[in-house]
Number of protein chains: 4
Amino acid sequence: MAHLDKIAVGIIGASGYGGVQLVRLLLEHPEVEIAYLGGDSSAGKKFTSLYPHLTHRVDLDIEKIDLDVVANRCKVVFLGLPNGLACNIAPTLIAKGCKVLDLSADYRFRDLDTYIAWYKKERADGETAKKAVYGLPELYRNQIEQSLLIGCPGCYPTATLLALSPLLKQGLIEPETVIIDAKSGTSGGGRQAKTNMLLAEADNSLGAYGVANHRHTPEIEQICSELVRQEVRVQFTPHLIPMVRGILSTVYATLRDPGLVRDDLITIYNAFYRSSSFVKILPNGIYPQTKWACGTNLCYIGIEVDPRTGRVIVMSAIDNLIKGQAGQAVQCMNLMMGWDEALGLPQLSFYP
Amino acid sequence: MAHLDKIAVGIIGASGYGGVQLVRLLLEHPEVEIAYLGGDSSAGKKFTSLYPHLTHRVDLDIEKIDLDVVANRCKVVFLGLPNGLACNIAPTLIAKGCKVLDLSADYRFRDLDTYIAWYKKERADGETAKKAVYGLPELYRNQIEQSLLIGCPGCYPTATLLALSPLLKQGLIEPETVIIDAKSGTSGGGRQAKTNMLLAEADNSLGAYGVANHRHTPEIEQICSELVRQEVRVQFTPHLIPMVRGILSTVYATLRDPGLVRDDLITIYNAFYRSSSFVKILPNGIYPQTKWACGTNLCYIGIEVDPRTGRVIVMSAIDNLIKGQAGQAVQCMNLMMGWDEALGLPQLSFYP
Amino acid sequence: MAHLDKIAVGIIGASGYGGVQLVRLLLEHPEVEIAYLGGDSSAGKKFTSLYPHLTHRVDLDIEKIDLDVVANRCKVVFLGLPNGLACNIAPTLIAKGCKVLDLSADYRFRDLDTYIAWYKKERADGETAKKAVYGLPELYRNQIEQSLLIGCPGCYPTATLLALSPLLKQGLIEPETVIIDAKSGTSGGGRQAKTNMLLAEADNSLGAYGVANHRHTPEIEQICSELVRQEVRVQFTPHLIPMVRGILSTVYATLRDPGLVRDDLITIYNAFYRSSSFVKILPNGIYPQTKWACGTNLCYIGIEVDPRTGRVIVMSAIDNLIKGQAGQAVQCMNLMMGWDEALGLPQLSFYP
Amino acid sequence: MAHLDKIAVGIIGASGYGGVQLVRLLLEHPEVEIAYLGGDSSAGKKFTSLYPHLTHRVDLDIEKIDLDVVANRCKVVFLGLPNGLACNIAPTLIAKGCKVLDLSADYRFRDLDTYIAWYKKERADGETAKKAVYGLPELYRNQIEQSLLIGCPGCYPTATLLALSPLLKQGLIEPETVIIDAKSGTSGGGRQAKTNMLLAEADNSLGAYGVANHRHTPEIEQICSELVRQEVRVQFTPHLIPMVRGILSTVYATLRDPGLVRDDLITIYNAFYRSSSFVKILPNGIYPQTKWACGTNLCYIGIEVDPRTGRVIVMSAIDNLIKGQAGQAVQCMNLMMGWDEALGLPQLSFYP
């Protein structure tokens with residue numbers, strides 16, 4: 001059934017938003033074919049009973065999870081499971097010869113003690129975890145190309161780290177002054193029905209959550225610390241916004257050199273991301289709208305300097321389900337397979 | 001604890017949207033005091049653990065449902081339970097001397113066979129049901145004043161019947177041509193978490209549901225039939241709209257007299273509703289926006305005649321949770337208690 | 001500068017939503033290149049000063065409208081101007097050898113008297129108008145292939161006619177019973193700033209407009225009349241929905257044969273649209289959500305029969321700016337140029 | 001016509017959102033009567049031609065602005081004009097014996113040089129301006145009671161200063177570390193039609209604006225500086241949120257005493273606001289949703305301490321058009337007139 005010249009890929013945990021995004025992107029990817037969709041509670045159902053708009057395009061059932069079947073059928077496997085499950089599955093799949101991209105938090109941490117402290121889960125796959133690469137291509141392109149196991153970044157860390165990396169890497173800011181005020185559409189909460197995610201509750205309203213204790217904090221800190229080669233603690237506050245998709249991360253930090261102006265920083269950012277076609281640095285005085293990135297794998301970045309306070313303010317906008325999740329995973333797959341990094345990934349949003 | 005001069009009221013099924021609307025309205029009602037909040041799954045919790053914005057105003061727990069306690073403490077009881085439960089509770093409460101207002105479908109039908117056919121529930125309270133009055137004050141004000149048991153109308157029937165009644169009562173339209181295309185905000189679906197009611201699913205989208213088989217159809221037909229003294233069948237199609245509150249019912253019917261013009265009908269409607277202060281007939285060429293009614297017990301009605309087709313188009317807008325639910329229940333209570341019908345009911349929306 | 005093997009196309013009236021949708025679609029079309037963007041009030045500005053999210057993709061200025069320049073540079077010209085302007089431009093462009101696709105109402109009517117009566121504009125291009133073809137490929141594919149001038153359908157007529165055509169063409173319904181209750185996102189109102197289109201006014205609200213006199217009525221009637229070879233009058237009521245994109249058209253009609261069931265109609269629709277890859281007939285009991293079509297050139301159709309009333313209810317969902325406007329224009333261009341009808345047109349929405 | 005026992009009030013600049021909010025609140029205020037509505041571009045129109053939902057409640061025309069007429073008819077005058085106009089009007093009205101409440105920025109600044117620098121307007125009413133009181137009752141209740149001229153605070157400063165004042169007044173934070181990340185619904189932009197405020201543009205999107213140069217910055221700084229008796233510079237970034245009403249201000253600052261915990265701060269805030277019935281301090285771990293405040297004059301405040309970073313995070317939520325504008329003006333009027341501060345002001349939102 002499979003095209004001889006296409007790579008067979010599978011998705012374990014296909015029923016959620018990560019799953020349907022992957023399905024949508026992989027259907028238009030020229031080099032792959034979806035050979036397996038697996039799930040737990042949805043096993044046995046047609047995929048399109050969950051997503052009827054794909055009725056005329058997808059004719060796959062959601063199968064129960066059998067790693068032998070998966071590995072037999074697929075060269076590349078995406079894991080879209082809740083936190084704490086991928087760490088039981090990935091070692092087996094890799095041993096059986098699959099390349100694995102995990103969308104959960106399980107393989108994002110170099111230091112498993114941090115994972116265990118914030119995610120309250122013990123685990124026994126330390127050797128496998130050591131080989132995992134953090135799947136942010138703009139920072140770790142070379143390692144991703146060589147890797148068999150990718151821990152795909154969280155949505156907030158993706159937007160935030162793309163905003164912060166040039167500043168940290170070039171030593172332009174005081175790391176301890178970093179404050180991240182992030183805003184996300186509600187699709188980031190997944191497809192599980194929760195009262196606070198109902199339209200009747202979440203529409204026409206706005207609030208913060210996870211203040212001072214959101215789990216993306218140590219993930220952001222890990223990469224920041226690596227960039228400046230010292231331990232960094234950041235302030236991170238996420239907010240739920242009455243919209244479906246999109247993240248805006250507004251990042252504040254004190255500049256080390258008060259003489260730096262906006263133009264300097266735009267030049268630095270353009271240079272830093274010159275090989276990263278998905279990152280778009282905006283010209284002077286233009287700030288990103290999340291809608292510009294929706295339906296794409298792009299990250300738009302706007303930069304401002306406040307000479308009155310000596311701070312830089314960086315705003316980054318992504319689609320939380322694409323660059324913040326499934327699209328970035330496909331970008332990593334492209335690199336792992338030796339393909340053009342941008343293959344099959346959308347780069348033009350519909351506006352308005 | 002209760003003020004000597006205030007009437008004690010209770011709410012069974014207080015945790016949902018009907019419950020919180022009742023609490024909100026009753027808190028500002030000058031003649032009553034909330035003496036009891038009851039629930040099943042939420043029993044034992046503070047009411048404000050479900051609705052923290054009322055922390056500084058309400059200090060009641062949700063108690064488990066004990067009809068002796070309720071009847072002992074309250075003169076008036078509102079039932080905000082799922083369909084099929086009130087019919088087991090109302091007879092006892094009435095026997096113990098309470099006045100009862102049921103927000104479910106249980107006491108809306110004169111003909112219990114219709115109820116049983118559409119709601120798939122047997123029941124044994126036929127004698128009680130016979131005494132129930134359909135709680136639409138604009139049509140049944142006198143009966144409500146005399147009643148001990150009110151079956152409060154559904155949200156769609158409220159908007160639709162207020163739009164249709166003058167036409168039917170005056171014999172101005174062909175009853176079999178009535179088509180009702182109704183649109184509701186998602187709060188009509190209640191507070192239970194369902195996937196299709198998530199903001200991520202329902203926002204920026206629109207669709208019909210219950211086409212040709214929604215349970216509000218026989219409820220609308222029952223009252224229409226009574227108004228014209230013959231059996232009427234209507235076409236009723238509800239749609240889910242990406243907004244929190246509000247219903248717009250767009251009603252189409254063929255005029256018997258093709259010479260009738262819009263001005264005639266506006267005059268007829270104004271006369272029909274001259275004693276109904278909550279119904280606002282709009283002047284020539286103005287059509288209602290649901291937002292105008294939000295946060296109020298009002299119903300706005302706009303009327304248009306199409307001389308090309310001989311049809312009348314009537315549009316009615318209400319707040320589905322107030323005039324379509326809790327506000328109308330309070331309006332009925334006011335009538336049952338001999339108070340001014342409008343007591344404690346909001347009549348001015350916030351715009352925008 | 002132009003690729004030798006690409007067809008040069010131009011857009012006159014590029015600054016509005018029709019314009020930016022065309023730009024977006026044409027940028028990803030494999031056979032064309034945008035060679036000209038023209039406008040009036042925006043002439044002299046960079047296109048991306050209006051749409052900064054395209055900064056890294058489009059480097060064209062909006063030029064003032066000079067038909068010699070346009071015709072010299074472009075083989076195909078899209079007109080995205082307000083009603084009443086294209087009729088002054090199209091004859092010249094055609095005389096100079098361009099193929100023309102007009103997004104306004106100017107070339108939608110065979111009978112110019114109807115146009116003049118509803119649009120209140122005199123015009124002197126009757127000979128040109130006679131040669132125009134109504135750009136609904138699912139009905140007029142052959143004529144479009146042969147034409148030099150396309151009057152692209154309105155957004156509501158597109159959704160409505162796709163819902164109605166099989167019923168009318170097969171003589172299955174009483175034409176005079178047709179009622180169309182249509183709902184549109186606010187982008188249909190264009191990019192001109194109007195108070196009633198502000199988010200603060202239009203969000204969380206819903207209302208009808210143009211009741212009994214919307215200009216899309218005669219456009220729908222013209223095609224319906226042609227399909228049944230008799231004059232048809234329909235009832236058409238549009239509503240403004242608090243969302244950006246999407247149209248749902250809910251169509252009611254009385255069946256001539258009361259024995260027809262839903263399955264019969266689904267079979268008939270599938271047969272009618274078997275060569276129309278953009279029309280997706282939904283299986284039994286599934287009704288379309290507008291979101292399924294957003295960002296695509298698809299039209300989803302759901303069908304229901306009500307045996308109690310003898311009516312059929314058909315619901316069709318499109319993206320008003322793509323299948324309802326710019327995408328359909330590109331679809332027509334593909335036919336005029338002898339390309340695959342679906343070339344460069346998106347067929348997979350992002351969900352949610 | 002006026003009730004003998006009611007105070008006559010007027011609104012100059014009645015056609016915008018500030019105007020309609022004032023009308024709505026004053027209609028339900030027990031001690032006043034609206035005796036005058038004035039405007040410029042709308043002069044001569046019925047007020048309800050702009051706001052048809054009030055057709056059955058308001059029968060006033062918008063009159064052209066004649067200060068003799070206004071002063072003759074009204075004891076209290078609200079000014080709802082664009083910045084830079086009230087300073088030409090207020091001195092005359094006060095000289096004629098009116099009490100004046102200005103909703104624009106004209107009378108918010110003690111130091112007119114700051115006003116002139118940020119608002120780019122010269123003015124000649126320095127003597128009048130000196131007597132104006134900043135209309136934030138929670139801080140300046142006594143002065144407001146004695147004043148004839150109130151400069152009503154901006155919407156962002158209201159939310160922000162209520163969040164910050166206890167910290168600054170008690171010397172608990174380092175003032176120069178204050179970062180304010182604020183989010184507002186689009187009604188804050190007023191009723192003038194602007195492209196970026198269209199639902200089609202602003203819905204399902206999110207972005208910052210006025211970064212490092214928004215005019216509410218010096219207004220916030222003026223009051224902060226007064227509270228700590230030293231010059232303070234704050235970082236203030238507003239964002240536009242896809243919703244109609246509501247502001248959330250998320251405020252970050254470094255605590256001077258790292259041993260302070262959340263409970264301490266909640267105690268301090270409750271003490272600070274013990275006489276301010278509109279300010280609601282939330283219990284441990286509860287963060288405000290803007291929706292809780294919508295349609296009320298309340299301000300909800302949630303507090304969190306991050307022991308990892310030594311920072312306090314305070315979140316405050318208001319309705320930008322009520323506590324952030326018209327409601328606060330009415331609250332000030334109540335104080336000026338010697339009435340109960342809360343008279344006629346809504347304190348219970350509709351939820352959801």
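Residues numbered from 1 in each chain as written. Chains lettered and ligands numbered in written order. Predicted model: local features only at pLDDT ≥ 70, side-chain atom pairs only at ≥ 80, totals over all residues. Heavy atoms only, no water.

## Some thoughts on the overall build of chain A
In step 1: Counting secondary structure elements, chain A contains 13 helices and 13 strands.
In step 2: Taking the principal axes of the C-alpha coordinates as reference, chain A spans close to 65 × 45 × 40 Å.
In step 3: By the burial criterion, 66% of the 352 residues in chain A qualify as buried.
In step 4: Considering only residue pairs separated by 6 or more positions, chain A has 70% of its internal contacts joining residues 24 or more positions apart.
In step 5: Just so you have it, chain A exposes about 11,800 Å², and 48% of that area is on carbon and sulfur atoms.
In step 6: Distance between charge centres in chain A, computed from 34 positive and 36 negative side chains, equals 2 Å. (Helix = DSSP H or I, 4+ residues; strand = E, 2+ residues; numbered from the N terminus. Buried < 20%, exposed > 50% of the residue type's maximum accessible area, 1.4 Å probe, protein only. Contact = heavy atoms within 4.5 Å. Areas by Shrake-Rupley, 256 points an atom, 1.4 Å probe, with all protein chains shown as cover. Lys, Arg positive; Asp, Glu negative; His and termini not counted. Charge placed at Lys NZ, Arg CZ, Asp CG, Glu CD.)

## Quick look at the domain arrangement of chain A
Residue and element names in this part refer to chain A.
In step 1: You can read the domains of chain A as domain 1 (7-131) and domain 2 (156-320).
In step 2: One C-alpha centre belongs to domain 1, the other to domain 2; they are set 27 Å apart.
In step 3: With 13 residues of domain 1 at the contact, the number on the domain 2 side is 13 residues.
In step 4: Across the domain 1 to domain 2 interface the summed buried area is about 1,200 Å²; carbon plus sulfur atoms make up 49%.
In step 5: The interface formed by domain 1 and domain 2 holds two salt bridges in total.
In step 6: The salt bridge partner of Glu226 is Arg110, with a shortest N-O separation of 2.2 Å. (Domains from an automatic or database assignment. Buried area = accessible area lost by both parts, 1.4 Å probe. Salt bridge = Lys/Arg side-chain N within 4 Å of Asp/Glu carboxyl O.)

## Considering the pairing of strand E13 (residues 311-318) of chain B
Residues and elements named next belong to chain B.
In step 1: Across the eight residues of E13, eight count as buried, placing the element largely inside the fold.
In step 2: Going residue by residue along E13, you find Arg311, Ile313, Met315 and Ala317 tucked away on one face and Val312, Val314, Ser316 and Ile318 tucked away on the opposite face as well.
In step 3: Both strand E10 (residues 247-254) and E13 contribute to a ladder of eight bridges, which runs antiparallel. Following the sheet pairing, Val251 is matched in E13 by Val314.
In step 4: Judged from the eight bridges that link them, strand E12 (residues 299-306) and E13 form a sheet pairing that is antiparallel. (Pairing = 2+ DSSP bridges.)

## Notes on the packing of aromatic side chains
In step 1: Scanning all chains against the criterion turns up 36 aromatic pairs over all chains.
In step 2: Taken together, the ring pairs in this structure connect A:Phe47, A:Tyr51 and C:Tyr351 into an aromatic cluster.
In step 3: Just above the ring of D:Phe350 sits the side chain of B:Arg24; from NZ or CZ to the centre is 3.8 Å.
In step 4: The side chain of D:Arg123 reaches across the aromatic face of D:Tyr115, ending 4.6 Å from its centre. (Phe/Tyr/Trp six-rings, centres within 6.5 Å; stacked < 30°, edge-to-face > 60°. Lys NZ or Arg CZ within 6 Å of the ring centre and 35° of its normal.)

## Remarks on the relation of the copies chain D and chain A
In step 1: Laying chain D over chain A is done by rotating through 180 degrees and shifting 0.0 Å along the axis; what remains is an RMSD of 0.0 Å. On the angle and the small slide along the axis, the relation comes out as a two-fold axis. By C-alpha distance to the rotation axis, the residue of chain D lying nearest is D:Pro242, at 3.2 Å. (Least-squares fit on C-alpha atoms with pLDDT ≥ 70 in both.)

## Comments concerning the interface of chain D and chain A
In step 1: If you look at the interface, chain D gives 51 residues, while chain A gives 51 residues.
In step 2: Summed over both partners, the interface of chain D with chain A buries about 4,100 Å², with 51% contributed by carbon and sulfur atoms.
In step 3: Counting across the interface, chain D meets chain A through four salt bridges.
In step 4: A salt bridge links D:Lys183 to A:Asp181; the shortest N-O distance between them is 3.0 Å.
In step 5: Where chain D meets chain A, there are 38 residue pairs in polar contact (both at pLDDT 80 or more).
In step 6: No other element matches the four residues that strand E7 (residues 179-184) of chain D contributes to the side of chain D that touches chain A.
In step 7: Looking at side-chain class alone, the side of chain D that touches chain A contains 25 nonpolar, 13 polar and 13 charged residues. (Polar contact = N/O pair within 3.5 Å; in protein donor to acceptor, adjacent residues only side chain to side chain. Nonpolar A, V, L, I, M, F, W, Y, C, P; charged D, E, K, R; others polar.)

## Regarding the environment of D:Ala163
Residues and elements named next belong to chain D.
In step 1: Its place among the elements puts Ala163 in helix H8 (residues 155-169).
In step 2: Given the relative accessible area of 0%, Ala163 is considered buried.
In step 3: Between the C-alpha atom of Ala163 and that of Leu248, which follows or precedes it by 85 residues, the distance is 10 Å.
In step 4: Sequence-distant contacts of Ala163, defined by excluding residues within four places in its chain, comprise Val251, Tyr269, Ile301, Val314 and Ser316.

## Observations concerning the pairing of strand E1 (residues 7-12) of chain A
Residues and elements named next belong to chain A.
In step 1: Buried residues dominate E1, accounting for six of its six residues.
In step 2: Neither face of E1 is left uncovered, since the one carrying Ile7, Val9 and Ile11 and the one carrying Ala8, Gly10 and Ile12 both have all their residues buried.
In step 3: Looking at chain direction, E1 and strand E2 (residues 32-38) are connected through six bridges and run parallel. In the strand pairing of E2, Ile11 is matched with Leu37.
In step 4: Pairing of E1 with strand E3 (residues 76-79), which is carried by four bridges, proceeds in the parallel orientation.

## Some thoughts on the UniProt feature "active site" (unreviewed entry) in chain A
Residue and element names in this part refer to chain A.
In step 1: The positions UniProt marks with the feature "active site" (unreviewed entry) are Cys155.
In step 2: Secondary-structure assignment places Cys155 in helix H8 (residues 155-169).
In step 3: When near neighbours in sequence (up to four residues on either side) are disregarded, Cys155 contacts His216, Ile247, Ile318, Asn320 and Gly324. (UniProt positions renumbered as here; feature names shortened; annotations may be inferred.)

## Description of the side chain of D:Glu304
In step 1: With respect to the helices and strands, D:Glu304 occurs in strand E12 (residues 299-306).
In step 2: Of the polar contacts made by the side chain of D:Glu304, one reaches the side chain of D:Arg262; its length is 2.8 Å.
In step 3: Ignoring any residue separated from it by four or fewer positions in sequence, one finds D:Glu304 in contact with A:Val211, A:Ala212, D:Arg262, D:Tyr287, D:Arg311, D:Val312, D:Ile313 and D:Met315.

## Details of helix H4 (residues 86-95) of chain C
All names here are of chain C.
In step 1: Within H4, burial applies to Ala86, Cys87, Ile89, Ala90 and Leu93. The arc that holds the buried residues of H4, viewed along the axis, is 155 degrees, so those residues lie on one side. Opposite the packed face of H4, turned more than 90 degrees from it, sit the exposed residues Asn88 and Ala95.
In step 2: Turning to H4, the residues buried within the fold contact strand E1 (7-12), helix H3 (67-73), strand E3 (76-79), strand E4 (99-102) and strand E6 (149-151).
In step 3: Residue Gly97 follows H4 closely and has a positive phi angle near 100 degrees. (Arc of directions from axis to C-beta.)

## Observations regarding unusual backbone geometry
Keep in mind that most residues, glycine aside, have a negative phi and that most peptide bonds are trans.
In step 1: Note that the residue after A:Tyr351, namely A:Pro352, is joined by a cis bond; omega there is 10 degrees.
In step 2: Along the polypeptide, A:Pro352 turns up in the segment after helix H13 (322-336).
In step 3: Even without a glycine there, the phi angle at A:Ala212 is positive, about 70 degrees.
In step 4: Its relative accessible area of 15% is what places A:Ala212 among the buried residues.
In step 5: Unusually for a residue other than glycine, C:Asn204 sits at a positive phi of about 55 degrees.
In step 6: Mapped onto the elements of the fold, C:Asn204 is located in the loop between helix H9 (199-202) and strand E8 (207-208).

## Considering the interface of chain A and chain B
In step 1: Residue-level contacts link 19 residues of chain A with 19 residues of chain B.
In step 2: Both faces considered, chain A and chain B share a buried interface measuring about 1,600 Å² in area, 62% of it formed by carbon and sulfur atoms.
In step 3: The largest share of the area that chain A buries against chain B comes from A:Leu198, A:Leu199 and A:Ala200, three residues that together contribute 37% of it.
In step 4: Where chain A packs against chain B, one counts two salt bridges.
In step 5: Across the chain A-chain B interface, the total number found is six residue pairs in polar contact (both at pLDDT 80 or more).
In step 6: Per-element accounting of the side of chain A that touches chain B gives the leading share, four residues, to helix H9 (residues 199-202) of chain A.
In step 7: The class makeup of the residues in the side of chain A that touches chain B is 10 nonpolar, five polar and four charged.

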